[in-house]
Amino acid sequence: LREMGLDTVYVSSEAVGRSVYLKQPDQGRRLNFESREKLAAMNYPGADVLLVIGDGLSSKAVNKQAVPLIRQFLPYMKELGLTVGPVVLARQSRVALGDDIAEQLHCGLVAMLIGERPGLSSPDSLGVYITYKPFAGRLESERNCISNVRPEGLSYERAAFKMAWLIEAAYDLGKSGTALKDQSDDPSHYRL
C-alpha cells in the first residue's frame, strides 16, 4: 500500500479476540476505545472515499486479494476526481465497522474490503461492501456488495470497475444499497 502512495492506519474493534468476535458479532461492528481516540486525534478533514481492509472471516482472502484489487481501483478514483483517504486496516472486523470508522474520519463513502466466509472451494474470497454517507448504525440494506473477488472468481479488474461504477452512481443518486441497482455489466450505463 505504501508503494502506491497510500497512508495506513491500524484500528481494532471491541472484540478482544477471535472467540469474542465469533460469539458476539456486535463487538466486531464497533471501534474499541483506543482506536476511536486514535482516529479522533488525527483531526482528519475527510475524503470522498475511504478504503477499509477488515480481516472478517478469512484473513487469507485479505492477504491475497486486497492489495491487487486496490492497485486496479485507484486509477478509477483519479479519473473520477474523487479523493481517497488513508487505508484503514481493521482487526476483528465485521462489515459495519467500516461505517463507524468512516464516520470518525468524516468520509463521504466507505468501501469495506473484507474476507468472506470460507467455502469448500473458495477459502480466500474477498467481499467489498460500499456504503454512501456511512455512520454507525447503517442498515445492511443500505450497502452494495461485490463478492467472490479472487482470480478464480471475479477478477481484480472487473471488481475494481464495479467498485468505481457503484461509487460514482452512489454519489450521483445520493444513496447506496437497495436503492442503487448495480448496472455495471450493462455498457449503456457506463460513464467511466
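Just above sits the structure.
In this report, we go over the structure that sits alongside the text. (Residues numbered from 1 in each chain as written. Predicted model: local features only at pLDDT ≥ 70, side-chain atom pairs only at ≥ 80, totals over all residues. Heavy atoms only, no water.)

Brief notes about the packing of aromatic side chains
Here is step 1: All chains considered together, the criterion is met by 2 aromatic pairs.
Here is step 2: Ring plane angle 70 degrees and centroid distance 5.9 Å describe the contact between Y76 and F161, whose orientation is recorded as edge-to-face. A residue pair is termed long-range when its members are at least 10 positions apart, and Y76 in helix α3 (residues 59-80) and F161 in helix α5 (residues 156-173) qualify at 85 residues.
Here is step 3: What makes Y76 partly exposed here is its relative accessible area of 21%. (Phe/Tyr/Trp six-rings, centres within 6.5 Å; stacked < 30°, edge-to-face > 60°. Helix = DSSP H or I, 4+ residues; strand = E, 2+ residues; numbered from the N terminus. Buried < 20%, exposed > 50% of the residue type's maximum accessible area, 1.4 Å probe, protein only.)

Let's talk about α3
Here is step 1: Its 22 residues place the ends of α3 30 Å apart at the C-alpha level, agreeing with the 32 Å of an ideal helix rising 1.5 Å per residue.
Here is step 2: Of all bends in α3, the biggest is about 40 degrees, found at Q65, and the proline P68 comes one to four residues later.
Here is step 3: For α3, the complete set of buried residues consists of A61, V62, Q65, A66, L69, I70, F73, L74 and M77.
Here is step 4: Taken together, the buried residues of α3 touch β2 (50-54), β4 (109-115), β5 (126-132), β6 (143-149) and α5.
Here is step 5: Directly beyond the C-terminal end of α3, a positive phi value near 75 degrees is found at G81. (Expected span 1.5 Å × (residues − 1). Bend = angle between axes of the 7 residues up to and from the residue. Contact = heavy atoms within 4.5 Å.)

Quick look at unusual backbone geometry
Here is step 1: Of note in this structure, H106 is not a glycine but carries a positive phi near 60 degrees.
Here is step 2: Following the sequence through the fold, H106 ends up in the loop between α4 (97-104) and β4.
Here is step 3: Looking at H106, the relative accessible area reads 54%, which means it is exposed.
Here is step 4: The phi dihedral of K133 is positive, around 50 degrees, even though this residue is not glycine.
Here is step 5: Structurally, K133 is set in the loop between β5 and β6.
Here is step 6: Given the relative accessible area of 43%, K133 is considered partly exposed.

Describing the pairing of β5
Here is step 1: In terms of burial, β5 is largely enclosed, as 6 of its 7 residues are buried.
Here is step 2: Taken together, the 7 bridges between β4 and β5 define a ladder with antiparallel strand orientation. Within β5, the position partnered with L113 by the bridge is V128.
Here is step 3: Where β5 meets β6, 5 bridges bridge the pair, whose relative direction is antiparallel. Within β6, the position partnered with I130 by the bridge is N144. (Pairing = 2+ DSSP bridges.)

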